[in-house]
Amino acid sequence: MWLKLRLYLIMSLMFAIVYGLVAFVANYAGISGSFWFYGILATVMMLIQYMIGPKMVEWQMGIHYVSEQEYPALHRMVSELARDAGIPKPKIGIARMPIPNAFAFGRWAKDGRVCVTEGIMNLLNEKELRAVLGHEISHLKNKDVAVITMISVIPMICWYLAWNQLFSGGRERGNGVLIGIVAFIVYLITHLLVLYVSRIREYYADEGAVKLGNSPHHLASALYKLVYGSARVSKDALKPVEGMKAFFANDPSSASSDIRELSQIDLDGSGTIDINELMALRTRPVKVKTRDKIMEMLSTHPNMLKRIKRLSSLQGISAY
């Protein structure tokens, strides 16, 4: 409930900020028409990106859609999770990359796609993989792609306005520089808020995976393994998907720093997180360095240690 409330509050704040920016521009420069032009332009661009986005993801990730005959166990898990979540069964694909991960995308309910990478198939056991798939199914159920696309329009509008006023001749008008500076500051604030919403959606999808019948310690163990698996992948393998990492279940580019913090959890050094280790986190504080807290603010994903800590509070949550 608190996650939903935070999301609604942030989205209300985002639109309040835009309303204030519109009022500022109209009041001080009388160029509200120009502002709306850039606003409409940004919105159109986001709609185009939203419509062609799936094809871009398929191309960038090297996705090959697979039949039930090819991967019966994978289809069975996705079918059961989609049924329990009350959404149409998404298309299922395999991404040809060594990075162990999974992701979901699509424009609307019947257009959903859930994909796993080649790297994840041999890394996780069935229960861990099902928990990760439950996380991705929850993204589809919660319409996260549509939510992030909608609020991403706001910083884009601010960026166009700031660029116009500071670098495209707008500075010649009386208050152009002031408007540009304010628009750029608002862009930075709203961009950080979009990242914050993205992190909330990750927490929410974790909770959704548990509500779909997956044990929190299976999801925690899966995320732990994904971090270690990602850390073993070369930087050259990460570069082609750098712009797509927001789709992943975890951020592979932060895996190396995540490993150091996660050593606080795997008490027996087994390379997994069992139910007892996860339960120990309920009452045991975890330490996140200041540097990692700052890096989290600039990331689409929550700090992994904090994320697994929260999973410890979800043990025993009821199913849908």
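Residues numbered from 1 in each chain as written. Predicted model: local features only at pLDDT ≥ 70, side-chain atom pairs only at ≥ 80, totals over all residues. Heavy atoms only, no water.

Structural notes on the overall build of the protein
(1) Moving on: Regarding its fold elements, the protein presents 13 helices and four strands.
(2) Moving on: The buried share of the protein, reckoned over its 320 residues, is 50%.
(3) Moving on: The contacts of the protein with a sequence gap of at least 6 include a subset with a gap of at least 24, amounting to 74%. (Helix = DSSP H or I, 4+ residues; strand = E, 2+ residues; numbered from the N terminus. Buried < 20%, exposed > 50% of the residue type's maximum accessible area, 1.4 Å probe, protein only. Contact = heavy atoms within 4.5 Å.)

Observations regarding the pattern of salt bridges
(1) Moving on: Applying the stated criterion across every chain, the model contains 15 salt bridges.
(2) Moving on: Across the pair Glu 126 and Arg 76 runs a salt bridge whose closest N-O atoms are separated by 2.9 Å. Residue Glu 126 is located in helix α5 (residues 126–141), and its partner Arg 76 is located in helix α3 (residues 72–85); the two are separated by 50 residues in the primary sequence.
(3) Moving on: A relative accessible area of 36% places Arg 76 in the partly exposed class.
(4) Moving on: Across the pair Arg 307 and Glu 202 runs a salt bridge whose closest N-O atoms are separated by 3.7 Å. Here the residue Arg 307 occupies a position in helix α13 (residues 304–311), and Glu 202 occupies one in helix α7 (residues 176–211), the gap between them amounting to 105 residues. (Salt bridge = Lys/Arg side-chain N within 4 Å of Asp/Glu carboxyl O.)

A few points about the environment of Gly 134
(1) Moving on: By the secondary structure assignment, Gly 134 is in helix α5.
(2) Moving on: With near-sequence residues (within four places) excluded, Gly 134 lies in contact with Leu 81, Ala 209, Leu 212 and Asn 214.

Here we look at the nonpolar core
Soluble, globular proteins show a tendency: their nonpolar side chains are buried together.
(1) Moving on: Core analysis: the largest hydrophobic core is formed by 45 residues, its most contacted members being Leu 133, Ile 137 and Ile 308.
(2) Moving on: Excluding anything up to four places from it in sequence, Leu 133 contacts Leu 74, Met 77, Val 78, Leu 81, Val 114 and Val 116. (Core = buried A, V, L, I, M, F, W, Y, C linked by side-chain atoms within 4.5 Å.)

A word on the pairing of strand β4 (residues 113–117)
(1) Moving on: Within β4, five of the five residues are buried, which leaves it mostly tucked inside the rest of the structure.
(2) Moving on: What you see with β4 is no split at all: Arg 113, Cys 115 and Thr 117 on one side and Val 114 and Val 116 on the other are buried throughout.
(3) Moving on: Here strand β2 (residues 91–95) pairs with β4 via five bridges, running parallel. In the strand pairing of β4, Ile 92 is matched with Val 114.
(4) Moving on: As paired strands, strand β3 (residues 102–105) and β4 are joined by four bridges and run antiparallel to one another. Within β4, the residue paired with Phe 103 across the bridge is Cys 115. (Pairing = 2+ DSSP bridges.)

On their own, these measurements won't tell you what the molecule is for.
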